[in-house]
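Structural overview for review
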Amino acid sequence: MQTEKEGFVYRLYDFKSEEHYQTIKFTEKTPDGKFNPGTTNEEVVQMLIDRFYYLQKNNWSAENATVIILLKNVRQLLAKRLSRKIEKVKKYNEQAGTNTDK
């Protein structure tokens, strides 16, 4: 793995290759409050859960089962984090609206 832009763009090399890679780009908030396109942490975690279910179906292992449980825990924590961020924005917007009414 190589970081192209810290926190947002990563180069993931194909198995046993130093020249072939895939670029993973995360969504990025711009200074003007808009978003550049890209994927999310949640999508990547969901992809990994799906992959480990596939691997588990083909060749069961206790380690795969544990990875699935841990990834589901990560997914729950990310949902909780997102929920808290949404609530903070709502409160901020409500306060901003109240301050302009005075």
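You'll find the structure just up there.
**Considering a positive patch on the surface**
There is a patch of like positive charges on the surface, built from K29, K80, R81, R84, K85 and K88. Take the positive patch: its biggest share by element is five residues, from helix 2 (residues 62-101). Along the chain, the position of K85 falls in helix 2.

**A look at the sheet that holds strand 2 (residues 9-13)**
The three strands are arranged 1-2-3 in an open sheet whose pairing can be described as antiparallel. Lying at the two open borders of the sheet, with one neighbouring strand each, are strand 1 (2-5) and strand 3 (21-25). Averaged over neighbouring strand pairs, the angle between their axes works out to 25 degrees when direction is ignored. Here three bridges tie strand 1 to strand 2, and the two strands are oriented antiparallel to one another. Note on strand 2: the bridge partner recorded for T3 is Y10.

**Section: the nonpolar core**
Ranked by size, the top nonpolar core spans six residues in total: V45, I49, F52, I68, L71 and L78. Those elements that provide at least two residues to this core are helix 1 (41-58) and helix 2. Beyond its immediate chain neighbours, meaning those up to four positions away, F52 contacts N64, V67, I68 and L71.

**Observations concerning the side chain of S61**
Here S61 shows up in the loop between helix 1 and helix 2. Taking the relative accessible area as the measure of exposure, S61 reaches 17% and is therefore buried. Engagement of the side chain of S61 in a polar contact is seen with the backbone nitrogen of N64, the distance being 3.0 Å.

**Considering the layout of surface pockets**
Approximately 560 Å³ is the volume found for the largest pocket. Taken together, 16 residues make up the lining of the largest pocket; nearest its centre are T27, F35, R81, L82 and K85. When contributions to the lining of the largest pocket are tallied by element, the ones reaching two or more residues are strand 4 (28-29), helix 1 and helix 2. Residue contributions to the lining of the largest pocket peak at five residues, all from helix 2. For the lining of the largest pocket, the per-class residue count stands at six nonpolar, five polar and five charged. A volume near 250 Å³ is recorded for the second largest pocket. In terms of lining residues, the second largest pocket is bounded by M1, Y10, L12, Y13, D14, Q22, I24, F26, V44, M47 and L48. For the lining of the second largest pocket, the secondary structure elements donating two or more residues are strand 2, strand 3 and helix 1. Class assignment for the residues of the lining of the second largest pocket results in nine nonpolar, one polar and one charged.

Criteria and cut-off values
Residues numbered from 1 in each chain as written. Predicted model: local features only at pLDDT ≥ 70, side-chain atom pairs only at ≥ 80, totals over all residues. Heavy atoms only, no water. Patch = residues over 30% accessible without salt bridge, like charges linked within 9 Å, V, L, I, M, F, W, Y side chains within 5 Å. Areas by Shrake-Rupley, 256 points an atom, 1.4 Å probe, with all protein chains shown as cover. Salt bridge = Lys/Arg side-chain N within 4 Å of Asp/Glu carboxyl O. Lys, Arg positive; Asp, Glu negative; His and termini not counted. Charge placed at Lys NZ, Arg CZ, Asp CG, Glu CD. Helix = DSSP H or I, 4+ residues; strand = E, 2+ residues; numbered from the N terminus. Pairing = 2+ DSSP bridges. Axes fitted to C-alpha atoms, helices over the stretch in contact; angles between N-to-C directions. Core = buried A, V, L, I, M, F, W, Y, C linked by side-chain atoms within 4.5 Å. Buried < 20%, exposed > 50% of the residue type's maximum accessible area, 1.4 Å probe, protein only. Contact = heavy atoms within 4.5 Å. Polar contact = N/O pair within 3.5 Å; in protein donor to acceptor, adjacent residues only side chain to side chain. 1 Å grid on protein atoms, 1.4 Å probe; cavity = no way out; pocket = protein on both sides within 12 Å on 5 of 7 lines; lining within 4 Å. Points joined across faces, edges and corners; volume = space filled by probe spheres on them. Nonpolar A, V, L, I, M, F, W, Y, C, P; charged D, E, K, R; others polar.

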